[in-house]
Amino acid sequence: ALDAKASEAMFGRAAALVNMCRGGTALLAAADTGSGNWSPSGAVRGSAITIWNNAIKALLSTAHINSVRVVFLQGENDAIGHNGTTVTGALYQAALVELAEYFDANVTTYGVAGIDEMLVVQTGAHRDGLYTTGFAAIRQAQNDACAGSALLRMIHDQAYTFPGLGQMADTLHYNQTALNG
């Protein structure tokens, strides 16, 4: 987790974090395995906006907010579901840009005018070397989305090395050593 000291080093000021982690979600509806998705048809994005806007309201009672950033760490189910038709790198790229634009347009409560940026932690790789084509396609889509959108910034692109470094908690998730790196 990003604490006040780490956020001050990264952004030049302390930060408050609003946890909206939703394990097992997909960005694309076609990759949803039952945990929800961040697409316009999914319920996750609306829940996130409600939680963030409520947190902004609560924070403004004691502090000044001068920036809002979203950290996005996701992509495994989209990589596994990659099929070349309904789940592709191009569709993921477009959906990631659209999601950042959605956050920018909807995190607007109490005088906060959108997000400053969405910080992307690039998806990694399956511990057992499975789904390599899908993981490569989603990583490239994340790179391309960040390169093409002023709202997106890649903040970590080495998670694909974690399996080889023994930094996996299970087949898809990183252990604490990897998360601390």
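Source: prediction; values computed, not measured.

The rules we used
- Counting starts from 1 at the beginning of each chain's written sequence and moves along it residue by residue.
- Restriction of local features to residues with pLDDT of at least 70 applies here, the model being predicted, together with a cutoff of 80 or more for giving and counting side-chain atom pairs; totals for whole chains, interfaces and linings are based on all residues.
- No hydrogens and no water enter the side-chain calculation; it runs on all heavy atoms of the structure.
- The helix count covers DSSP runs of H or I at least four residues long, the strand count covers runs of E at least two residues long, and both are numbered beginning at the N terminus.
- Summary of the burial criterion: residues with accessible area below 20% of their type's maximum are buried, those above 50% are exposed, and those between are partly exposed, where the area comes from a 1.4 Å probe applied to protein chains only.
- By the counting rule applied here, Lys and Arg register as positive and Asp and Glu as negative, while His and the ends of each chain are not counted.
- The location of each charge is read from NZ of Lys, CZ of Arg, CG of Asp or CD of Glu.
- Ring geometry is summarised as follows: Phe, Tyr and Trp rings, the Trp one being its six-membered ring, pair when their centres sit within 6.5 Å, and such pairs are stacked at plane angles under 30 degrees, edge-to-face over 60 and tilted between the two.
- Here, a charge over a ring means that NZ of Lys or CZ of Arg falls within 6 Å of the ring centre while also lying within 35 degrees of the ring normal.
- Angles shown run from 0 to 180 degrees and are taken between the N-to-C directions of axes, each axis being a line fitted to C-alpha atoms and, for helices, limited to the stretch in contact.
- For a crossing to be left-handed, the near helix must be turned anticlockwise from the far one by less than a right angle; the clockwise case is right-handed.
- The criterion used for residue contact is that any of the two residues' heavy atoms lie within 4.5 Å.
- By salt bridge we mean one thing: a side-chain nitrogen of Lys or Arg within 4 Å of a carboxyl oxygen of Asp or Glu.

A.B. asks: Which parts of the structure should I look at to understand the overall build of the protein?
C.D. replies: Within the protein, the regular secondary structure consists of six helices and three strands. Walking the protein from its N terminus toward its C terminus, one meets helices and strands in the order α-α-β-α-α-β-α-β-α. Judged by the C-alpha coordinates and their principal axes, the protein covers about 50 × 35 × 30 Å. The buried share of the protein, taken over its 181 residues, is 42%. Across the protein, the 9 positively charged side chains and the 14 negatively charged ones have centroids separated by 6 Å.

A.B. asks: Honestly, the packing of aromatic side chains in this entry has me stumped. Any pointers?
C.D. replies: We describe a pair of aromatic rings using the distance from one ring centre to the other and the angle between the two ring planes. For the structure on display, the rule yields five aromatic pairs. Geometrically, the ring pair formed by tryptophan 38 and phenylalanine 103 is edge-to-face, given 6.2 Å between the ring centres and 85° between the ring planes. In this pair, tryptophan 38 is assigned in the loop between helix H1 (4-11) and helix H2 (44-60) and phenylalanine 103 in helix H4 (residues 89-106), connecting sequence segments 65 residues apart. Here the two residues tryptophan 38 and phenylalanine 103 agree in accessibility, since each one is buried. Among the aromatic side chains, those forming a connected cluster through ring pairs are Trp38, Trp52, Phe72, Tyr102 and Phe103. A cation over an aromatic ring shows up here: arginine 45 above the ring of tyrosine 102, its NZ or CZ 4.4 Å from the ring centre.

A.B. asks: Sorry if this is basic, but what is going on with the packing of H2 against H4 here?
C.D. replies: How two helices sit against one another is set out by the angle between their axes and by the gap between those axes. Contact geometry of H2 with H4 gives a least axis separation of 11 Å together with a crossing angle of 35°. Between H2 and H4 the crossing geometry is right-handed. Mapping the contact onto sequence places Arg45, Gly46, Ile49, Trp52 and Asn53 in H2 and Glu98, Leu99, Tyr102, Phe103 and Asn106 in H4.

A.B. asks: I tried to follow the environment of alanine 79 on my own but got confused; where do I start?
C.D. replies: Positionally, alanine 79 belongs in helix H3 (residues 76-81). Measuring from C-alpha to C-alpha, the distance between alanine 79 and alanine 136 comes to 7.8 Å, with 57 residues separating the pair along the chain. Contact partners of alanine 79, with chain neighbours within four places excluded, come to Tyr131, Gly134, Phe135 and Ile138.

A.B. asks: Explain the pattern of salt bridges here, please?
C.D. replies: Any two side chains of opposite charge can pair if their charged atoms end up close together. This model, assessed by the stated rule, comprises four salt bridges. Where arginine 69 meets glutamate 117, a salt bridge forms, and the shortest distance between an N and an O atom there is 2.8 Å. Residue arginine 69 is found in strand E1 (residues 69-73), and its partner glutamate 117 is found in strand E2 (residues 117-121); the two are separated by 48 residues along the sequence. By relative accessible area, arginine 69 is classed as partly exposed at 30%. Classification of glutamate 117 by relative accessible area gives buried; the value is 11%. Note that arginine 127 and aspartate 128 form a salt bridge whose closest N and O atoms lie 3.1 Å from each other. A residue is classified by how much of its surface remains accessible, and aspartate 128, at 44% relative accessible area, is partly exposed.

Geometric values such as these leave the question of function open.
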